[in-house]
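Examination of the molecular architecture
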Amino acid sequence: MTTPPAAADALIELRDALRHFAAEREWDVFHTPKNLAMALAGEAGEVIEHFQWLSAEQSAALPPDTREAVALELADVLLYLVRLADKLDVDLAEAARRKMEINARRYPVELARGRALKYHQL
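Worth saying up front: this structure is predicted, and the values here are computed from it rather than measured.

Right, let's get into the pattern of salt bridges. Evaluation of the coordinates by the stated rule reveals 9 salt bridges. One salt bridge in this structure joins arginine 15 and aspartate 16, with 2.7 Å as the shortest N-O distance. Judged by relative accessible area, which is 25%, arginine 15 ranks as partly exposed. Look at aspartate 16 and you get partly exposed, because its relative accessible area is 35%. Note that glutamate 24 and arginine 25 form a salt bridge whose closest N and O atoms lie 3.4 Å from each other. If you follow the salt bridges from partner to partner, you end up with Arg15, Asp16, Arg19, Asp28, Arg83, Asp86 and Lys87 in one network.

Turning next to the packing of helix α2 (residues 33-49) against helix α4 (residues 64-87). Each packed pair of helices is defined by two parameters, the angle between the axes and the distance between the axes. Look at α2 against α4: their axes get within 9 Å of each other, and the N-to-C directions meet at 160 degrees. In terms of orientation, α2 lies roughly antiparallel with respect to α4. Crossing handedness for the pair α2 and α4: left-handed. Of the residues in α4, those touching α2 at Pro33, Leu36, Ala37, Ala39, Leu40, Glu43, Ala44, Glu46 and Val47 are Glu73, Leu74, Asp76, Val77, Tyr80, Leu81, Arg83, Leu84 and Lys87. Looking at the contact of α2 with α4 residue by residue, the classes come out as 12 nonpolar, no polar and 6 charged.

Rules of the game
Residues numbered from 1 in each chain as written. Predicted model: local features only at pLDDT ≥ 70, side-chain atom pairs only at ≥ 80, totals over all residues. Heavy atoms only, no water. Salt bridge = Lys/Arg side-chain N within 4 Å of Asp/Glu carboxyl O. Buried < 20%, exposed > 50% of the residue type's maximum accessible area, 1.4 Å probe, protein only. Axes fitted to C-alpha atoms, helices over the stretch in contact; angles between N-to-C directions. Helix = DSSP H or I, 4+ residues; strand = E, 2+ residues; numbered from the N terminus. Parallel < 35°, antiparallel > 145°, perpendicular 65-115°, else oblique. Left-handed = near helix turned anticlockwise from the far one by under 90°. Contact = heavy atoms within 4.5 Å. Nonpolar A, V, L, I, M, F, W, Y, C, P; charged D, E, K, R; others polar.

Set out below in structure tokens:
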């Protein structure tokens, strides 16, 4: 599996924009892997808040204002993820390709189709 060049380029552009944004504000001193990981977890929690207590049907049909709020929270998650990967010198596109290959082996179609089981339970 390969990541389309445009997707990898978009991650690189986003990484570079975040580097510039942080440098202008002299925030690099705060952007340690620990701090970025904690911020990432916090933002993921903010995504979850929008879905708490919703049914599956409600969560799939969010009102426009909630959908926009979720979109912005997802953007926060992405921004912290890209920044953390940059600080750890992780190529996210390459890591995602490797993980998809691992998952394809762990979850063969003939065993996993239509089943929500962990790979060791298949």
